[in-house]
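# Remarks on the overall topology
Residue-level listing of the chains:
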Amino acid sequence: MIATCPACHWPCASALSSHGPVAYVRCVCGLFLVVERGVVTATAGTSTFAPIHDSRGDLASVPDREPS
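No experiment lies behind these values; they were computed from the predicted model shown. (Residues numbered from 1 in each chain as written. Predicted model: local features only at pLDDT ≥ 70, side-chain atom pairs only at ≥ 80, totals over all residues. Heavy atoms only, no water.)

Glancing now at the pairing of strand β6 (residues 39-44). The pairing of strand β5 (residues 32-36) with β6 spans five bridges and is classified as antiparallel. Each bridged residue has a counterpart across the sheet, and for Phe32 the counterpart in β6 is Ala44. A loop of two residues connects β5 with β6, the two strands running antiparallel in sequence, and Arg37 in this loop sits at a positive phi of about 50 degrees. (Pairing = 2+ DSSP bridges. Helix = DSSP H or I, 4+ residues; strand = E, 2+ residues; numbered from the N terminus.)

Moving on: the pattern of salt bridges. The full count for this structure, using the stated rule, is one salt bridge. For Glu36, the salt bridge is made with Arg37, and the minimal N-O distance between the two is 3.4 Å. (Salt bridge = Lys/Arg side-chain N within 4 Å of Asp/Glu carboxyl O.)

With that settled, consider the sheet that holds strand β4 (residues 22-26). Read across the sheet, four strands follow the order β3-β4-β5-β6 without closing on themselves; strand pairing throughout is antiparallel. On the outer flanks of this sheet lie β3 (17-19) and β6, each paired with one strand and no other. Taken over all neighbouring pairs, the strand axes of this sheet differ in orientation by 20 degrees on average, direction set aside. (Axes fitted to C-alpha atoms, helices over the stretch in contact; angles between N-to-C directions.)

Right, let's talk about the state of the cysteines for a bit. Counting across every chain of the model gives zero disulfides. No disulfide involves Cys5; its nearest neighbouring cysteine sulfur is the one of Cys29, lying 3.8 Å away. Distance from the sulfur of Cys12, which forms no disulfide, to the nearest cysteine sulfur (Cys27) is 4.0 Å. On the basis of relative accessibility, which here comes to 5%, the residue Cys12 falls in the buried class. (Disulfide = S-S within 2.5 Å. Buried < 20%, exposed > 50% of the residue type's maximum accessible area, 1.4 Å probe, protein only.)

A separate point is a nonpolar patch on the surface. Together, Leu16, Tyr24 and Phe32 make up a nonpolar patch on the protein surface, roughly 280 Å² of accessible area in all. Along the chain, Leu16 falls in the loop between β2 (11-12) and β3. (Patch = residues over 30% accessible without salt bridge, like charges linked within 9 Å, V, L, I, M, F, W, Y side chains within 5 Å. Areas by Shrake-Rupley, 256 points an atom, 1.4 Å probe, with all protein chains shown as cover.)

Of note in this structure, His9 is not a glycine but carries a positive phi near 65 degrees. Within the secondary structure layout, His9 lies in the loop between β1 (3-4) and β2. Taking relative accessible area as the criterion, His9 reaches 57% and is therefore assigned exposed.

Have a look at this one:
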């Protein structure tokens, strides 16, 4: 296992690509993870399990959104 997704907590086993200690992983929920030495350091994209926030930090009611 490379990392555990912070949105759905699913274990991610294989990297899409890696460059030295940094690996780029896509979770089954759709979220992209940037993993450095086994630690998730960043995420990109959207997940069906991740909450949607608007600019005030409240949950937004719009189900479709652009990747972050």
